[in-house]
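# Chains, contacts and geometry: an overview
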Amino acid sequence: AFKVSAGYANSKTKVSGATSAKADGFALGATYSLSKRTTVYAGYRTFKIKNGAGVKTADNQLYAVGVRHDF
């Protein structure tokens, strides 16, 4: 009745052979079945972006919680 998921991703952008940006992110998710048709869920995601000089240009976090019911 309980399921967990996780993920990680990273990327590098190069322009003319030089790195112009790097990004990495991580996510966690979980679901729990209350019944055959009703599920609660929660999730978390974060990612960071750095420019070619290593200066952080973005740092985002997202949280989600909800209930799903199928009719």
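Everything below is about the structure shown above.
Throughout, a residue's number is its position along its own chain's written sequence, starting from 1. Totals for whole chains, interfaces and linings use every residue, but because this is a predicted model, local features are given only for residues with pLDDT of at least 70 and side-chain atom pairs only at 80 or more, for both listing and counting. Computation of side-chain values: all heavy atoms of the structure, hydrogens and water removed.

Let us look at the overall build of the chain. Across its full length, the chain carries zero helices and four strands. Mapped from its N terminus to its C terminus, the chain presents α and β elements in the order β-β-β-β. For 71 residues, the compact-globule estimate of 2.2 N^0.38 gives 11 Å, and the C-alpha radius of gyration of the chain, at 18 Å, exceeds that figure by more than 25%. Each of the three principal axes of the chain carries a C-alpha extent, and together these read 55 × 20 × 15 Å. Each residue gets one of three labels from its accessible area relative to the maximum for its type: buried under 20%, exposed over 50%, partly exposed in between, using a 1.4 Å probe on protein chains only. Burial analysis of the chain (71 residues in total) assigns 7% to the buried set. Numbering of helices and strands starts at the N terminus; helices are DSSP runs of H or I of at least 4 residues and strands are runs of E of at least 2. Radius of gyration: C-alpha atoms only; globule rule: 2.2 Å multiplied by the number of residues to the exponent 0.38.

Pairing of aromatic rings covers Phe, Tyr and Trp, the last through its six-membered ring, and needs centres within 6.5 Å; plane angles under 30 degrees mean stacked, over 60 mean edge-to-face, and all others mean tilted. Tallied over the entire structure, the rule returns one aromatic pair. Judged by centre distance (5.1 Å) and plane angle (40 degrees), the ring pair of Tyr 44 and Tyr 63 falls under tilted. Linking Tyr 44 in strand β3 (residues 38–51) with Tyr 63 in strand β4 (residues 56–69), this pair joins segments that are 19 residues apart in sequence. We classify Tyr 44 as partly exposed; its relative accessible area is 24%. The class for Tyr 63 is exposed, based on a relative accessible area of 58%.

Looking now at unusual backbone geometry. Positive phi outside glycine occurs at Ser 16, with the angle close to 55 degrees. Take Ser 16: its relative accessible area is 80%, and that puts it in the exposed class.

Inspection of the secondary structure puts Thr 46 in strand β3. N or O atoms closer than or at 3.5 Å make up a polar contact, with two conditions inside protein: a donor-capable atom paired with an acceptor-capable one, and, for residues adjacent in sequence, both atoms drawn from side chains. Among the polar contacts made by the side chain of Thr 46, one reaches the main-chain carbonyl oxygen of Asn 60 at a distance of 3.1 Å. Residue contacts for Thr 46: discarding those within four places in its chain leaves Asp 24, Gly 25, Phe 26, Asp 59, Asn 60 and Gln 61. Only heavy atoms matter for contacts: two residues are in contact if any of them lie within 4.5 Å across the pair.

Here the focus is the sheet that holds β4. Taken in spatial order, the four strands line up as β1-β2-β3-β4 in an open sheet, and their pairing is antiparallel. The open sheet has two edge strands with one neighbour each: β1 (2–15) and β4. Within the sheet, the average angular offset between the axes of one strand and its neighbour, ignoring direction, is 10 degrees. Whether two strands pair depends on DSSP finding at least two bridges between them. Note on geometry: axes are C-alpha line fits, over the in-contact stretch for helices, and angles between N-to-C directions span 0 to 180 degrees.

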